[in-house]
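Take a look at the letters that make up each chain.
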Amino acid sequence: MPANEICGLLPGEIFVHRNVANIVVHSDLNCLSVMQYAVDVLRVKHIIIVGHYGCGGVRATLESKKFGLIDNWLRHVQDVKIKYAQHLACQKDDTARLNRLCELNVIAQVINAAQTTIVQNALDRGQDLAIHGLVLWSQRRAGAASRHQRRERGTNSPSP
């Protein structure tokens, strides 16, 4: 679903950058270029880091799956997983662990965004700017996650 529809805005009222697992790192020049343009040129007042429950990149990290080149990118989520390993282990099941890691990842990326020179410089000059984190629940994704779990159990029927 387009970001403007999620937010109830018209096309062009929101400036969007997307990547796998909504990662913000100081070495990603694409993400930083988008942030810099949005903050310095468009003078946005809000940066929103948006993840979603059932994120495939976060799931791959949680399940320690290897896919090749993307594993280097997902290393950033792996760092979040390692940092909160004890907390994640206390979750009641795999779905709860996945959901919590999705949330923790968004929190980590909000912190990363806040620490960029782009945001720091904007705040130093008194620009009105806030960073928010949001994790979305998608019925479509929930259905896909349920189908994924049924395939792993070897059944086509929904779990009780």
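Shown above is the structure to which this text applies.
The structure displayed is predicted, hence computed values, not measured ones.

A.B. asks: Help me understand a nonpolar patch on the surface in this model?
C.D. replies: A cluster of nonpolar side chains, Phe15, Tyr37, Val41 and Leu42, forms an exposed patch at the surface whose accessible area comes to about 370 Å². In this fold, Val41 is placed in helix H2 (residues 29–41).

A.B. asks: Which parts of the structure should I look at to understand the packing of helix H4 (residues 70–83) against helix H6 (residues 94–114)?
C.D. replies: The description of two packed helices rests on the angle between their axes and on the distance between the axes. Where H4 meets H6, the axes come as close as 10 Å, and the angle between the chain directions of the two elements is 110 degrees. Classified by the angle between their axes, H4 and H6 sit roughly perpendicular to one another. The way H4 lies across H6 gives a crossing that is right-handed. Residues Val77, Val80 and Lys81 of H4 pack against Leu101, Leu104, Asn105 and Ala108 of H6.

A.B. asks: I keep staring at unusual backbone geometry and nothing clicks. Help me out?
C.D. replies: Excluding glycine, a negative phi dihedral is what most residues carry, and trans is how most peptide bonds are arranged. The backbone phi angle of Ala21 is positive, close to 65 degrees, even though this residue is not glycine. Its place among the elements puts Ala21 in the loop between helix H1 (3–6) and H2. For Ala21, a relative accessible area of 4% translates into the label buried. Although it is not a glycine, Asn22 sits at a positive phi angle of roughly 40 degrees.

A.B. asks: Is there a simple way to think about the packing of aromatic side chains in this case?
C.D. replies: The description of an aromatic ring pair rests on the distance of the ring centres and on the angle between the ring planes. A full pass over the atoms with the stated rule returns two aromatic pairs. Taken together, a centroid distance of 5.6 Å and an interplanar angle of 45 degrees make the contact between Phe15 and Tyr37 tilted. With Phe15 in the loop between H1 and H2 and Tyr37 in helix H2, the pair connects residues that are 22 residues apart, well separated along the chain. For Phe15, a relative accessible area of 42% corresponds to the partly exposed category. Judged by centre distance (6.0 Å) and plane angle (55 degrees), the rings of Tyr53 and Trp137 are tilted.

Rules used in this analysis
Residues numbered from 1 in each chain as written. Predicted model: local features only at pLDDT ≥ 70, side-chain atom pairs only at ≥ 80, totals over all residues. Heavy atoms only, no water. Patch = residues over 30% accessible without salt bridge, like charges linked within 9 Å, V, L, I, M, F, W, Y side chains within 5 Å. Areas by Shrake-Rupley, 256 points an atom, 1.4 Å probe, with all protein chains shown as cover. Salt bridge = Lys/Arg side-chain N within 4 Å of Asp/Glu carboxyl O. Helix = DSSP H or I, 4+ residues; strand = E, 2+ residues; numbered from the N terminus. Axes fitted to C-alpha atoms, helices over the stretch in contact; angles between N-to-C directions. Parallel < 35°, antiparallel > 145°, perpendicular 65-115°, else oblique. Left-handed = near helix turned anticlockwise from the far one by under 90°. Contact = heavy atoms within 4.5 Å. Buried < 20%, exposed > 50% of the residue type's maximum accessible area, 1.4 Å probe, protein only. Phe/Tyr/Trp six-rings, centres within 6.5 Å; stacked < 30°, edge-to-face > 60°.

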